[in-house]
Amino acid sequence: MARDLQVKETTSDPSLWSADFRLFFTARTTSLLGDAMLPVAITAAVIRAGYGASGVGYALAALVAPFAALIIFGGVLSDRFGARRLMVVSDTARLCSQAVLALLFLLGTVRLWQILALLALIGAGSAIFQPGVASITPRIAQDVQKANATLRISESVTAVIGPSLAGLLLAVSSPATVVALDALTYGVSGACLLLLRSVPMGPAARDGEPSFRADLVEGWREFRARTWLWSVIVVFMLWQLAGAGPTMTLGNSTLVTDYGTSTFGLVMSSLGVGSVLGGIVAIRFRPRYPLRAGALSMILWALMPLGVALGLPAPLIAGCYGVSGVGMAFWIVMFHTSVQTHIPQDVLGRVHAYDAAGSLVMKPVGQALAGPLAVAVGTVPLLRVSASTALVACALLLAIPAVRGLKRAEG
């Protein structure tokens, strides 16, 4: 592996921080901050509205389900009408939906169905927004890996800061105020995207006017034609089902019940710090075979469920989560960079939507099955299975020649 790894300087790259990248970075960061704050604000607002834990569950499901169901169609729309245009439309729609939701919470007359409908619109807006992230990044950055790593660092920081900021605001104001402030993040994002200059508002010119169905089929054909891409998604479906899904459910609940909420917060913060470090590592190191290096780094993720399963002291569990965050962040940067540099720009939105949908589809299944299975066989055995699944997934990725042998796309 040492021969495959090339080390770059860590000094700031002026070609990365162009005016357009700064605008896109600001748009992405503010949007992610809003995404991280929203679940906390909605949880507090729904409980205060009197709908209890069941209402919170319905609300969070209404936010996530449309995203998973519609992201493929969002990819088609992004390629047909232009990624930047669709992202601005998405930010505008989410701003309006969330502003209405904040007003309803403020008036104190909100019905549960109204909450669910507005959250579903916000989730649908996220499905339209997400494919554009993959399409725009290679257009505004000469160094796509460094851009992805920088954006990953931003995502990790907002994932840690967002819930804490929402909690702090809830302590001094009402849920309606937090939801309203959260809505403004989409306004900032949309304004920054409008100011971009190197990315056209509309799509690239294409021969003829293919139908929506034809675009959908073309995206699937491009996705299926690349063995390295669809095989990664198949392996990750297994990992989400038996690895990530159970770990998120059982690992988090065990930390809260056995160690307390303060320890849970410490562990989550450690995970965020590890993700930031993983992004920094991805800025510095340039493997010749990015998916091979990324698969090897994913071995570190097994420490997350294993630390909880072994009942380690809280500081060691926090260390396990931090190291796992390094491995996961490095893999994400390697994979996203590979997709963005090996897929033609005119189909990138659709192909990214297919890989995002495939990567996510089994996670809620794994989360839903974890509880009943834990009752039947126990939490500790399932967490050990999750750790083993991570190792199996890494071995499978390394065993696939198309994944193992995919070279870095230069230029």
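Residues numbered from 1 in each chain as written. Predicted model: local features only at pLDDT ≥ 70, side-chain atom pairs only at ≥ 80, totals over all residues. Heavy atoms only, no water.

## Quick notes on the overall build of the chain
From N to C terminus, the chain includes 16 helices and 2 strands. Over its C-alpha trace the chain gives a radius of gyration of 21 Å, about what one expects of a compact globule, namely 22 Å for 411 residues. The proportion of buried residues among the 411 residues of the chain is 50%. Carbon together with sulfur atoms contributes 69% to the accessible area of the chain, which is approximately 17400 Å² in total. Side chains of the chain give 29 positive and 19 negative charges; the mean places of these two sets differ by 3 Å. (Helix = DSSP H or I, 4+ residues; strand = E, 2+ residues; numbered from the N terminus. Rg over C-alpha atoms; globule rule 2.2 N^0.38 Å. Buried < 20%, exposed > 50% of the residue type's maximum accessible area, 1.4 Å probe, protein only. Areas by Shrake-Rupley, 256 points an atom, 1.4 Å probe, with all protein chains shown as cover. Lys, Arg positive; Asp, Glu negative; His and termini not counted. Charge placed at Lys NZ, Arg CZ, Asp CG, Glu CD.)

## With respect to the packing of helix α1 (residues 19-48) against helix α3 (residues 83-107)
Two elements in contact, α1 and α3, have axes whose closest approach is 13 Å; the angle formed by their N-to-C orientations is 30°. Our classification of the angle between α1 and α3 gives roughly parallel. Along this stretch, α1 crosses α3, giving a crossing that reads as left-handed. Residues Phe24, Ser31, Asp35, Leu38, Ile42 and Ala45 of α1 touch α3, and the partners they reach there are Met87, Arg94, Gln98, Leu101 and Phe105. Class assignment of the residues belonging to the contact of α1 with α3 gives a composition of 7 nonpolar, 2 polar and 2 charged. (Axes fitted to C-alpha atoms, helices over the stretch in contact; angles between N-to-C directions. Parallel < 35°, antiparallel > 145°, perpendicular 65-115°, else oblique. Left-handed = near helix turned anticlockwise from the far one by under 90°. Contact = heavy atoms within 4.5 Å. Nonpolar A, V, L, I, M, F, W, Y, C, P; charged D, E, K, R; others polar.)

## Looking at the environment of Asp35
Its place among the elements puts Asp35 in helix α1. For the pair Asp35 and Ile280, spaced 245 residues apart in the sequence, the C-alpha separation amounts to 23 Å. Beyond its immediate sequence surroundings of up to four residues, Asp35 is in contact with Arg94 and Tyr186.

## Overview of the pattern of salt bridges
On inspection of all chains with the given rule, the structure shows 9 salt bridges. The closest approach of N and O atoms between Arg286 and Asp143, which form a salt bridge, is 2.6 Å. Taken together, the residues Arg286 in strand β2 (residues 285-287) and Asp143 in the loop between α4 (112-140) and α5 (144-172) connect sequence positions 143 residues apart. Each member of the pair, Arg286 as well as Asp143, carries the same accessibility label: buried. The salt bridge partner of Asp215 is Arg350, with a shortest N-O separation of 3.4 Å. Of this pair, Asp215 sits in helix α7 (residues 212-224) while Arg350 sits in helix α13 (residues 348-360), and the two are 135 residues apart along the sequence. On the accessibility criterion, Arg350 (1% relative accessible area) is buried. (Salt bridge = Lys/Arg side-chain N within 4 Å of Asp/Glu carboxyl O.)

## Re the nonpolar core
With 46 residues, the main nonpolar core has Trp228, Trp239, Trp331 and Phe335 as its most contacted residues. Setting aside its immediate chain neighbours within four residues, Phe335 contacts Trp228, Leu229, Val232, Ile233, Leu291 and Asp355. Listed in part, the 24 residues of the second largest apolar core include Leu38, Ala62, Leu118 and Ile122. (Core = buried A, V, L, I, M, F, W, Y, C linked by side-chain atoms within 4.5 Å.)

## Focus: the packing of aromatic side chains
Describing an aromatic ring pair means giving the distance of the ring centres and the angle of the ring planes. A full pass over the atoms with the stated rule returns 11 aromatic pairs. An aromatic cluster is present here, built from Phe236, Trp239, Trp301, Trp331 and Phe335 joined pairwise through their rings. The ring of Phe285 is capped by Arg284, whose NZ or CZ atom sits 5.8 Å from the centre of that ring. (Phe/Tyr/Trp six-rings, centres within 6.5 Å; stacked < 30°, edge-to-face > 60°. Lys NZ or Arg CZ within 6 Å of the ring centre and 35° of its normal.)

## Comments concerning the confidence of the model for the chain
Mean pLDDT over the chain works out to 87, with 94% of the residues at or above the 70 mark. Mean pLDDT across the elements of the chain ranges from a minimum in strand β1 (residues 5-7), with 40, to a maximum in helix α16 (residues 401-404), with 97. (pLDDT = per-residue confidence, 0-100.)

## Remarks on the state of the cysteines
Counting across every chain of the model gives 0 disulfides. No disulfide involves Cys192; its sulfur sits 17 Å from that of Cys96, the nearest cysteine. The class of Cys192 is buried, set by a relative accessible area of 11%. Considering cysteine sulfurs only, Cys394 is the nearest to Cys320, which forms no disulfide, with 16 Å between them. A relative accessible area of 13% places Cys320 in the buried class. (Disulfide = S-S within 2.5 Å.)

## Focus: α4
For α4, spanning 29 residues, the distance from its first C-alpha to its last is 42 Å, which sits close to the expected 42 Å at 1.5 Å a residue. Taken as a whole, α4 carries its principal kink of about 30° at Ala134; the proline Pro138 stands between one and four residues after it. Taken across its 29 residues, α4 has 21 buried, putting it largely inside the fold. (Expected span 1.5 Å × (residues − 1). Bend = angle between axes of the 7 residues up to and from the residue.)

## Quick notes on the side chain of Arg28
Mapped onto the secondary structure, Arg28 falls in helix α1. Buried and without a salt bridge, Arg28 has Glu155 as its closest oppositely charged side chain, separated by 4.8 Å. Setting aside chain neighbours within four positions, we find Arg28 in contact with Phe129, Gln130, Val133 and Leu151.

## Considering the side chain of Thr247
Among the secondary structure elements, Thr247 is positioned in helix α8 (residues 227-259). According to the relative accessible area criterion, Thr247 is buried, its value standing at 0%. Of the polar contacts made by the side chain of Thr247, one reaches the backbone oxygen of Gly243; its length is 2.8 Å. Ignoring anything within four residues of it in the chain, the contact list for Thr247 reads Asn252, Trp301, Met304, Pro305, Leu383 and Ser386. (Polar contact = N/O pair within 3.5 Å; in protein donor to acceptor, adjacent residues only side chain to side chain.)

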